[in-house]
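Working through the structure, step by step
Okay, here's what each chain looks like letter by letter:
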Amino acid sequence: MLTPPPISGVLSAGRAFHAALRQVPRPNFLDRRAHPWAVGDRVAWDEQDVDVIDDLSVPFSALLELRRPVKQDAAQLVHADLTGNVPAGRSPRSPSSPSRAPRPPASGFRLLA
């Protein structure tokens, strides 16, 4: 069994990765991604609307109401899964895409808090 790296190492690697991506332009393929995690990401950032089944409309609306604007100086590509535990887009032919749409750099660390 592999031992996960210390969280401090993950944070340092994430900061270095985000610094390296700071000037990389947004890739066009990001808008074509349609897996649930990509759609959920765009909904969370108010970039896409989705229809939900009636049974989920009330909790979904409540979650949408909890969104708040994020202050940012500039958006940039961020790593979507610094700890490697989100299987979005993984298959033998399609390895995980670590970068997401432009986001505030700190958003790559949101699941580590």
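Residues numbered from 1 in each chain as written. Predicted model: local features only at pLDDT ≥ 70, side-chain atom pairs only at ≥ 80, totals over all residues. Heavy atoms only, no water.

1. Some details on the overall build of the protein
The condition is simple: Helix numbering and strand numbering both begin at the N terminus, where a helix is a DSSP run of H or I of at least 4 residues and a strand a DSSP run of E of at least 2. Relative accessible area decides the class of each residue, using a 1.4 Å probe on protein chains only: under 20% of the type maximum gives buried, over 50% gives exposed, and in between gives partly exposed. When checking whether two residues touch, look at their non-hydrogen atoms; a contact exists if any pair is within 4.5 Å.
Secondary structure summary: the protein contains three helices and zero strands in total. Start at the N end of the protein and walk to the C end: the helices and strands fall as α-α-α. Residues counted as buried form 25% of the 113 residues belonging to the protein. Long-range pairs, those at least 24 residues apart, make up 71% of the contacts in the protein between residues at least 6 apart in sequence.

2. Some details on the environment of Leu 66
Looking at the secondary structure, you find Leu 66 in the segment after α3 (54-65). When the C-alpha atoms of Leu 66 and Ala 44 are compared, they prove to be 9.9 Å apart, with 22 residues separating the residues in sequence.

3. A closer look at unusual backbone geometry
The phi torsion at Asp 46 lies on the positive side, around 60°, for a residue other than glycine. Judged by its relative accessible area of 53%, Asp 46 falls in the exposed class.

4. Notes on the confidence of the model for the protein
Under the convention used in this document: The score called pLDDT rates the predictor's confidence residue by residue, from a low of 0 to a high of 100.
Per-residue confidence for the protein gives a mean pLDDT of 76, with 71% of residues at or over 70. Within the protein, the lowest mean pLDDT, 86, falls on helix α1 (residues 7-21), and the highest, 95, falls on α3. In the model, residues 88-99 has pLDDT below 50 throughout and makes 20 contacts with residues more than four positions away in sequence or in other chains.

5. As for the side chain of Gln 76
Definition in use: Polar contacts, as used here, are pairs of N or O atoms within 3.5 Å; protein pairs need one atom able to donate a hydrogen and one able to accept it. Residues neighboring in sequence count only if both atoms are side-chain atoms.
Along the chain, the position of Gln 76 falls in the segment after α3. Take Gln 76: its relative accessible area is 4%, and that puts it in the buried class. Within the structure, Gln 76 has its side chain in polar contact with the backbone oxygen of His 18 (distance 2.8 Å).

6. Describing the pattern of salt bridges
Heads up, the rule is: For this analysis, a salt bridge means a side-chain nitrogen from Lys or Arg found within 4 Å of a carboxyl oxygen belonging to Asp or Glu.
Applying the stated criterion across every chain yields a total of two salt bridges. Between Arg 26 and Asp 31 there is a salt bridge, and its shortest N-O distance comes to 2.3 Å. Judged by relative accessible area, which is 49%, Asp 31 ranks as partly exposed.

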